[in-house]
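# Residue-level structure breakdown
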Amino acid sequence: MAIRGPFKNGFGGLRRPGGVGPTKPTAPTSTSTPPGGAAGGTPPSTGGDFAGKAADFAKQVVGPANGQALFGVQIAAMKGEVDVTSRSDGAPDLEAGQGVTAHQIAAQEAEIEKKRRASKGSDIYFYSGDGQIKEFLSPGRTSLMGHSLFGNVGLSSKALVLGGTLEGSAAPGLTHAGKLLVGGLHDAGVAQMGPYRGDNPALSGKEIVVAHKKVGGSATVAVGAWAGVGIGASLQPSKGSSVLYRTHLDKPDADALTEDKNAAVGFLREKAESVGLKKLRLDIPDIAKPETMRVGDELVVATHGGVRAGVFAFGVAVGVGASATLHGEFELHATKLDDHRVHLTVNPTRVRAMSYGVNSLGTVSLDLHRTESKSLTQAFVFDLSTPSGKQAYLDALSGNLPHQTGIALDKDRSVTDLETYVREEQLPVGVERTYLERADLSSRDIGARVGIPIRFGKNVWWGLSGLARSRAKVDHTRTGTDGDQTKRVETRGVEDRWEVLLSGTETVGAFASLREHTVIDEQGQRTTTFGGLDLTARFEDDRVMGLELNDEVLDVINGVFGTAIAPFAEAGHRQARTIEVKATLSAADLATLSQVAGSDATALATAKDLDQADLAQMLDDVRAAQTPADQSRAVLGYLSKNGIARLGAVFALAGRGAEELTVDTWSTSYHRPLDDARALEQKYPEPLALDAGKWSLVRRFGAAHTLMVSVDRAAAELADDPILGDKDKADVLAHLAQAAAVADQVASFDHLSPDEQQALRTMLDVGYTTTVAQQVIDRLDEAAA
Amino acid sequence: MSDPAAAIAGVFAELTQAMSRGDVDAYLKLCARDAAPQVALFEKNARRAQEDGLHFVLREIRTIGDVAETHFDVVDGNRVLERAHLSLTVEPDGWKVRAL
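Report on the accompanying structure. (Residues numbered from 1 in each chain as written. Chains lettered and ligands numbered in written order. Predicted model: local features only at pLDDT ≥ 70, side-chain atom pairs only at ≥ 80, totals over all residues. Heavy atoms only, no water.)

## Side note on a nonpolar patch on the surface
Residue and element names in this part refer to chain A. A contiguous nonpolar surface patch, about 540 Å² in accessible area, is contributed by Leu180, Val182, Val221, Val223, Leu235, Val307 and Leu326. Contributions of two or more residues to the nonpolar patch are made by β8 (174-195) and β9 (207-227). Tracing the chain through its elements places Leu180 in strand β8. Accessibility expressed as a relative area gives 44% for Leu180, which makes it partly exposed. (Patch = residues over 30% accessible without salt bridge, like charges linked within 9 Å, V, L, I, M, F, W, Y side chains within 5 Å. Areas by Shrake-Rupley, 256 points an atom, 1.4 Å probe, with all protein chains shown as cover. Salt bridge = Lys/Arg side-chain N within 4 Å of Asp/Glu carboxyl O. Helix = DSSP H or I, 4+ residues; strand = E, 2+ residues; numbered from the N terminus. Buried < 20%, exposed > 50% of the residue type's maximum accessible area, 1.4 Å probe, protein only.)

See below:
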């Protein structure tokens, strides 16, 4: 989870005041001064803060642009406070929430300090969120050649960061500083993913096992100078690679690979594997030796690298900055089809981004990002039993494809060019192309953010993102062809996002996709048919509170699309919820749209508070268009602002009724119990045994109890869900029943003899008795009676 | 987005203080509103804590979505007797005790 609070990445950073350098420029800070002093109207001060501020501000204004794969590791360290934040927006490199966040450290330290004061002891505890264990170490500080040197080390369960800040004074009143941070990431693990459910008879009854390994590193170099106002520059190169291996094993073999009788041993083994101290339990085949892969195995090997460069300037109250990012990725995806054939996709991707930012007093910021990405996926089947097929496969691993003349990521080619290349290519014996796909994405994102400073503990400040608002416009085109037929999808959309303290992140997106299908005959004649214009309105809320969906989503849908969805009656528990409204316009619908009378359009625009001129212009464009595809493009252009309302207007003017809409929803409440049940089933495959001990048994009962709580809650929310139909509800209920059965099975003591049940009761009813232990005691008493 | 660790640790501290005093009213204020208060169980543990001189030391907080477990040592003097845990959930008024 990337922390975007103003004090995290803004002036001052999340630091304790009081870092002492030999040449403090101005205004010494006290423990009561807000971070960096900036919020209090004084210039940022303290030696350590300066370089940190420079680097952090550079990071803020050059931060990863909208949804693109970038990797950054940050350390912010002062007197025992270390912050390692890894982020990879949209990329598979890192999982959300990984790493130690400054918030957690701040919270931990505040609590530890409180506990120390209360008990005069020295307690420390770890915080683990959503399965991630996080740790931290302390840095040190010394002097070097008359300069202050701050050394930092940060450690999370998967990343190690080393850093240093060197600061000195060239002349009275002029401070210069440099900061170097180097971060390394190593992550590896093996997981059992449940039974194979595909249609390959050879894999039926097998368990899916996935192993992954990731290695990466990045560095931040920042330099700056301060004399009333400051200037600086930063450079952030990064590089990494990852391997994902998916195989299918008999259940006993899969269980043996992924289970540990002793939870502590298993935990340590996982951690040792994660950081590379211990060899991974499952050997990952070499993609260059496909003969070592089993039939059905998949191997995804990716390498990536990039560089981000930025410049920035700041005064007492305002800072500005700009940055450019170039990022590249090369991915190979091999699937063993049978003993001799391998399907391989080769996918290079390139991302270019520009970012601009303005930050005032560390609490208000404006950001603008512009991103373009291109990718080119080429897929082939290689028959490795032929020498030419085997050689072509090995060549393809390094990017030398069997036929690539004229087809390259950097060359813009028309659809017909791509088709011609594929149709005319001469492939070696043993090589067969499956498809070629080109994807181009561009996005523009503009946002504003206001932060709230909160004091936490004696010296620790916590920067919260109080309110943020952004809008992203997306333009995405995908073209896939095998030479005989081509599918093309053009998507445009606009997404509005709000981040509100305590309410989480809410997004509203409106998207339209034009689908076309082209068939090419043997003479090369192209026949293109219109596939439809898909309209999608998507509402997402990552933290639903109470009944907020009623006015924020359902009222909007009912108002825009004329539906009559009943409101939620019961306040839902916190959950992430997505609601989608979908419709597809046919050529006939677009013809209807083209015949809309101007008076009807005006009336609708007035009723829905839409811009009349824009609506009239769209309808004129639709009328002027000669084909449904061109009519669709006129609609795509119309959705670039006020997307949801305009989407509803297009739907209504096309003559479609609310009953023709598809409304669907997805909630973590419904899906999490079954995921938790699968994990529980793997953790406790055997009936409980007394020799496990009280702690282990209580944990087992507790895990089953927690699962039952989430099942019951989900069932209650499902009953109140006004969106899902009876069939969907029945499906979810079936999943919840499966989860409940697992909970019952894990908590069952029916297999124990009466004497053993009595021994269990005695064991549970000593010391501290948990709720779950008490429930088991009550159940045991009932059974005995 | 607020970080849950400190809030959860705070609730734990208040709960263990209530337990050491046998303060049922303080305990009830920490409970989730839609969960039946476990007064009898609270009193049972409070009584043992007072009679045996037990205290509770927070060791770990685990969160999965809106559910949290606090794992703590049950300590008699300097001797750790056992490890136990209790469950909390996010309620409209913050993290609350759902199960002792």
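## So, the pairing of strand β18 (residues 504-520) of chain A
All names here are of chain A. Most of β18 sits out of view: 14 of its 17 residues are buried. Bridge count for strand β17 (residues 485-500) against β18 is 16 bridges, and the pairing is antiparallel. Looking at the pairing, Val500 lines up with Gly504 of β18. Between β18 and strand β19 (residues 526-541), which pair antiparallel in sequence order, lie five residues; one of them, Gly524, sits at a positive phi of approximately 85°. (Pairing = 2+ DSSP bridges.)

## So, the environment of A:Glu331
Residue and element names in this part refer to chain A. Along the chain, the position of Glu331 falls in strand β12 (residues 318-336). By relative accessible area, which is 23% here, Glu331 ends up partly exposed. When near neighbours in sequence (up to four residues on either side) are disregarded, Glu331 contacts Val300, Val301, Ala302, Thr345, Val346 and Asn347. (Contact = heavy atoms within 4.5 Å.)

## A word on the environment of A:Val553
Residues and elements named next belong to chain A. The topology assignment puts Val553 in helix α8 (residues 548-561). With a relative accessible area of 7%, Val553 lands in the buried category. Between the C-alpha atom of Val553 and that of Val596, which follows or precedes it by 43 residues, the distance is 29 Å. In this structure Val553 touches Phe539, Glu548 and Ile579, once residues within four positions along its chain are discounted.

## Description of the packing of helix α10 (residues 598-608) of chain A against helix α11 (residues 612-624) of chain A
Residues and elements named next belong to chain A. Contact geometry for α10 and α11: axes closest at 9 Å, N-to-C directions at 140°. One element, α10, and the other, α11, form an angle in the oblique class. Taken as a pair, α10 and α11 cross one another with a handedness that is right-handed. Listed contacts from α11 to Ala601, Thr602, Ala605 and Thr606 of α10 are Gln612, Leu615 and Leu619. Of the residues in the contact of α10 with α11, the class split is four nonpolar, three polar and no charged. (Axes fitted to C-alpha atoms, helices over the stretch in contact; angles between N-to-C directions. Parallel < 35°, antiparallel > 145°, perpendicular 65-115°, else oblique. Left-handed = near helix turned anticlockwise from the far one by under 90°. Nonpolar A, V, L, I, M, F, W, Y, C, P; charged D, E, K, R; others polar.)

## Considerations on the pairing of strand β4 (residues 94-99) of chain B
All names here are of chain B. Where burial is concerned, most of β4 is hidden: five out of the six residues are buried. Bridge analysis of strand β3 (residues 79-91) against β4 gives five bridges, and the strand direction is antiparallel. For Val90, the partnering residue across the bridge sits in β4 and is Trp95. As consecutive antiparallel partners, β3 and β4 are separated by two residues.

All we've got here are geometric facts, nothing functional implied.
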